[in-house]
Every structure is written in structure tokens, then in C-alpha cells.
Amino acid sequence: MRIVIVGGVAAGASAAVKARRCNEDAEIILLEKSGFVSFANCGLPYYIGNVIQNREDLILVTPELFRERFNIDVRISHEAFDIDTEAKKLRVKSPDGVITEAYDKLILATGGIPIRPEIPGIHLKNVLNVFTIPDVDRVVATISEGKKTAVVAGGGFIGLETAENLTERGVKTILVEKLPQLMSNMDEEFAGVLAEHLNQNGLELHLNAGLKEIKGSDHVESVILENGIEIPCEMAILAMGVRPNTELARKAGLTIGTAGGICVDSSMLTSDPDIYAAGDAVESIHLVSGKNVRIPLAGSANKQGRVAGACAAGSKLSFKGVLGTSIIKAFDLTMARTGLNEREVKFTGLQYKSVYVPGFSNATYYPGAAPMIMKLTIEASSGKLLGAQAIGYKGIDKRIDVIATAIYSGLTVFDLEDLDLAYAPPYSSAKDPVILGGMISSNMLRGDISYVNRSEVQEMLANGNTELLDVRTEEELLEGKIEGAINIPVDELRKRYRELDQKKNYLIYCAVGYRGYNASLFLNSKGYRTLNLSGGYLAYTMNV
């Protein structure tokens, strides 16, 4: 059996090695158009920032190691450009000219292509990408030449990580994003916290501002945004995302899906019975929505490559789908998500509820406890977890990974409140934020209490029969309050509740929701109609 793999980074390299492990007798050829295989593209921004100091650390496996350890024939600088599906042959541009490679099974791991808009000045010197090792070599060389000002276009993963690392290197960096918010895969309130944190760390932001033109005689001298603002700079780094590299698949007549990627089944088989595909160029089933999506993440690419390699070699594995679980570091802040965000849930038509869960990374009486806010989105009828987002300084990865596992397993919020998670003061609280989120959500679904989210507050107040009741202390009011709220501290409520009007509805809030919850239960028992602000004042302001 002859297995040929096109593309040698995450998906392709994983496919090659798994194919060998499943079939020692197969001839395996891996074709990569660049000069590098199996390199850590997720680490590229951190090489720019000198966090990763040794360039060779980015190269995970060399062609020589592939050959010696796995007997895989890796050919760099070989670009496949045409497939004859009937003859089962590839045409390939090699250093020695165009050659033909026959295959029994073919795996396409062609990845993505960085988006470069066709605007004036796009081909000037110092218009750079952060996509390959040669790309970051050029960025580092430009910094070494003394260039100290940069515009980074794109507010996604690569754009944010690159902007952070340039700033850490002493480069004055301006981040521009065409959309109204950074990190479009997060809900807007989380993106707002992120933007404020970036500003506090010296990163200038321009939102709702796409690139219109790059100016300069030979090299970059400034960029002009769509809103007319001109920003002087010495380099422009494009991080606007990637589009799936499906050209080879399209030429071969393979089916392309509605999300723009190559259609595959659970074995990563395409519409051709002898061609598999994996990685950033393919579509996957979203495990919550059930829809075809294209989410280019390294974890999915590696797993898909592993399945494609095994199946092409004659074994049986399956890839069930994705949750889009992702995380990003921005200076001291960490933000993560899994499943669907609230905006995405709205498009599914599901009836849902969202709750905010303020918490801390570990017990507050133990040194180093750092605040966080988590948002759970759940199906209203069943309590099934649909998605989660979290932002904070420590322990975000742990909580999102637990919830991602819960979503994958089909758990509900009623299961979350019964989870048995590791606890010691340096690591968590007795009620971990995940467990607490389950308790809060379960209380709501059982009807113990009614919640209002931060986005609903002004609409509730506009109806004229709802008043805000702040149950924090007078000292806490000095830190800020929601305009128009009356104040009765929760510890005085049992003595003063008759000051309230039973004809009105009361929207109650405290700092994080706990005292508001107790106040609501007490007032409800006295015949008052109450609602509780989910996550309290902290979630309302998103002041992590």
C-alpha cells in the first residue's frame, strides 16, 4: 500500500505517524511545499516576543527523524498542484521540476492560507505575516533592524498574541480590528474586559476599523484605516485569519461544504473513496449545534490527522466532532470558551438561559486568590450545558476543560453541582466555580429563584414597576452602584423590609450574587416579587 500525504504540519504529520503505527508495511510519503514539517505554529508569536528563545524549539520533528524512526519519506519543497483521481496520481512541483506520484490512499492536510486583502500597498516591504517559521524570521529581523512601531491587523488569536509579544519586545504596537470587538468567538462583554486590559498594558486599539491602504515608497510608512485614521508605523503585520486551502480538493472534484471546507465523514473520508482530508481545510460537526463548522484549531487538526492516518492505513478510528474549546493569554489575563457562546445559541433557535458565576482561582483566605467570571449557557428545558466562557487571571484553563468534558459527556447543570473535584486552599474553593455554577443554574431551573442578566437590566427598569435594590454595605457603594438603586444592606433587611412596596417588583443585586440570592429568598417568603441580578454588580460591570 502506498499512502501519500499532502501537507506536513499538524494534521499531516499526525496522519503520517499514525499510519505507520497502524501499518508497518505501507510506503508512506509526506509532501510539504515549505521547508519545514511538524513545526509549532502556535508558538510563533512567542518566538517573536523572545519567550521562546531558541528557534529550533519550534521544530518538533525533522525530516531525518521521520525517516529514521518511522521510515516515512518526507519531501520538503514539494507542492502538489493537481490530482488525477481516476489514475490515482498527483502532479507535484519539486526542486527538480514537475513529477508524478502515484497513491493507493491520499490524505489532504493542506491547512489554511493567511488572508491578505487586495488593498494598495499590500506588497510593500515590511508587510508581514505570522504563519510560518520564515514569516517570524522576517518579523524578528525587522525588529533587529531597529523598527520600533507596528500595526497588527486582526483581533483574533494570532493578532492578539503577536501584539502582546511585540509590546513585550518594546515595539510600540497598535492593534486594529474590522469588527466591533476583539475575539469574535466570545460574547461582547468578555471582549470588552479584554480590550480594557490591553489598553492598560500599553496596547492601542482601533475597533470597527479595517485596513484600507498601506502607504510607503518602498517599505511601510503608515496604514490608513477605513474610518480615515492614518497611523504611522514601520511594519504592518497581517493576522486577519485564514481561509481553508481547498484548491487542490476543488480541482479534484471533492465535495466542499457550506462552511467552505472539505466535506468528510467521521473517518475523515472525503467524497472520493480513496482520499481522506484533515485539519484546517475540513469541516466538522459541532457537537452542540449539530451543524457543519470550520474551526481551525491545532487540537482538532492533530486528532483529525490521527484518524485519517489510521483509516487510510486500514484501521478504524472515528472523529466525532468539535466543541471549539479554546483559550488565549493576553498579558496577565486569560480568556477561554467551549461549546456555543450566547450569540451562537440564539441562531440555533434553542430556548436557553445564561448565568454568570463570579469566583476565585482558589480559596480567598489563601494568598494569591485571583478573581474570575464564568458564564454558563444552558438549555432552559433540560439544563443541558450548551457552552461556557470564562475570564480571569488564574485557573481559567482548569474550569473550561472541566466544562468541555461535561458538554462532551452530555451532562447537565444538575450533574455539575454533584461533581467531585479536587480541593485544597492553594488550588480551589470547597465550592469550585464549576460546582457553584451548577448550583446557581440548578436553583434557577428548579424555580427557587429568578435571574436577570446584565443585558436585561435597563429593559426591566423601563417597564416602570421594577426597582433596583442594592443589598451591599454602604462602604461598597463608594466603589460604584447601578444608577437609581435603593440601598438596604442584607444584614439589615429583616428589620427594614417593610420599607419596600409589595406592589412593585424588586431587582436585587449584591457584589457577586450570594447576598442577593439570600435577600430574594427572604423577601419572597414575605410576599414580595423579586428577581436577582446574575453575578451581581461584578458581572454587571465585568470588572474582573
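Everything here concerns the structure above.
A brief look at the structure comes next. Just so it is clear, the structure is predicted and the values come from calculations on it, not from any experiment. (Residues numbered from 1 in each chain as written. Predicted model: local features only at pLDDT ≥ 70, side-chain atom pairs only at ≥ 80, totals over all residues. Heavy atoms only, no water.)

1. What about the pattern of salt bridges?
No. 1: All told, the structure shown has 26 salt bridges when counted by the stated rule.
No. 2: The shortest N-O distance in the salt bridge between Asp274 and Lys105 comes to 2.8 Å. Within this pair, whereas Asp274 is found in the loop between α7 (247-251) and β18 (275-277), its partner Lys105 is found in strand β7 (residues 105-108), the two being separated by 169 residues in sequence.
No. 3: For Asp274, a relative accessible area of 18% translates into the label buried.
No. 4: Among the ionic pairs, Arg446 bridges to Glu417, the shortest N-O distance being 2.3 Å. Of this pair, Arg446 sits in helix α12 (residues 433-446) while Glu417 sits in the loop between α11 (413-416) and α12, and the two are 29 residues apart along the sequence. (Salt bridge = Lys/Arg side-chain N within 4 Å of Asp/Glu carboxyl O. Helix = DSSP H or I, 4+ residues; strand = E, 2+ residues; numbered from the N terminus. Buried < 20%, exposed > 50% of the residue type's maximum accessible area, 1.4 Å probe, protein only.)

2. Remarks on the packing of helix α1 (residues 10-22) against helix α8 (residues 298-312)
No. 1: At their nearest, the axes of α1 and α8 sit 7 Å apart, and the two run at 35° to each other. Viewed along their axes, α1 and α8 form a crossing whose handedness is right-handed. Listed contacts from α8 to Ala10, Ala11, Ser14, Ala15, Lys18, Ala19 and Cys22 of α1 are Ala301, Asn302, Gly305, Arg306, Gly309 and Ala310.
No. 2: Among the residues forming the contact of α1 with α8, the class breakdown is seven nonpolar, four polar and two charged. (Axes fitted to C-alpha atoms, helices over the stretch in contact; angles between N-to-C directions. Left-handed = near helix turned anticlockwise from the far one by under 90°. Contact = heavy atoms within 4.5 Å. Nonpolar A, V, L, I, M, F, W, Y, C, P; charged D, E, K, R; others polar.)

3. Let's talk about unusual backbone geometry
No. 1: For Ser38, which is not glycine, the phi dihedral falls at a positive 50°.
No. 2: Looking at the secondary structure, you find Ser38 in the loop between β2 (27-32) and α2 (44-48).
No. 3: Owing to a relative accessible area of 10%, Ser38 belongs among the buried residues under this scheme.
No. 4: For Asn71, which is not glycine, the phi torsion reads 55° and is therefore positive.

4. Observations regarding the environment of Ile28
No. 1: You can see Ile28 is positioned in strand β2.
No. 2: With near-sequence residues (within four places) excluded, Ile28 lies in contact with Ile3, Ile5, Ala16, Ala19, Arg20, Ile72 and Asp73.

5. Some points on the nonpolar core
No. 1: Counting 51 residues, the largest nonpolar core has Ile3, Phe66, Ile72, Ile83, Leu90, Leu106 and Leu108 as its most contacted members.
No. 2: Sorting elements by how many residues they give to this core places α1 first, with six residues.
No. 3: The contact partners of Ile72, leaving out residues within four places of it in the chain, are Ala16, Val17, Arg20, Ile28, Leu30, Phe66 and Arg67.
No. 4: Among the nonpolar cores identified, the runner-up in size contains 45 residues, and Ile143, Ala163, Leu205 and Ile373 belong to it. (Core = buried A, V, L, I, M, F, W, Y, C linked by side-chain atoms within 4.5 Å.)

6. Section: the sheet that holds strand β26 (residues 451-452)
No. 1: Taking strand neighbours across the sheet as the criterion, the five strands line up as β26-β30-β29-β27-β28 in an open arrangement whose pairing is parallel. The open sheet has two edge strands with one neighbour each: β26 and β28 (486-487).
No. 2: The pairing of strand β27 (residues 466-470) with β28 spans two bridges and is classified as parallel. Looking at β28, one finds that Leu469 is bridged to Ile486. (Pairing = 2+ DSSP bridges.)

7. Things to note about the state of the cysteines
No. 1: Applying the stated criterion across every chain yields a total of zero disulfides.
No. 2: Among the cysteines around Cys263, which has no disulfide bond, Cys311 carries the closest sulfur, lying 17 Å off. (Disulfide = S-S within 2.5 Å.)

8. Topic: the sheet that holds strand β15 (residues 230-232)
No. 1: Ordered in space as β13-β14-β15, the three strands form an open sheet in which the pairing is antiparallel. Each having just a single partner strand, β13 (211-215) and β15 make up the two edges of the open sheet. Put simply, the sheet's adjacent strands are angled 20° from each other on average, direction ignored.
No. 2: Across four bridges, the pairing between β13 and strand β14 (residues 222-225) is antiparallel. Opposite Ile214, over in β14, you have Val223 as the bridge partner.

9. Structural notes on the side chain of Ser94
No. 1: Residue placement: Ser94 occurs in strand β5 (residues 89-94).
No. 2: The class of Ser94 is buried, set by a relative accessible area of 14%.
No. 3: Separated by 2.7 Å, the side chain of Ser94 and the backbone oxygen of Gly97 make a polar contact.
No. 4: Ignoring any residue separated from it by four or fewer positions in sequence, one finds Ser94 in contact with Ser77, His78 and Ile99. (Polar contact = N/O pair within 3.5 Å; in protein donor to acceptor, adjacent residues only side chain to side chain.)

Taken by themselves, the reported measurements are silent on function.
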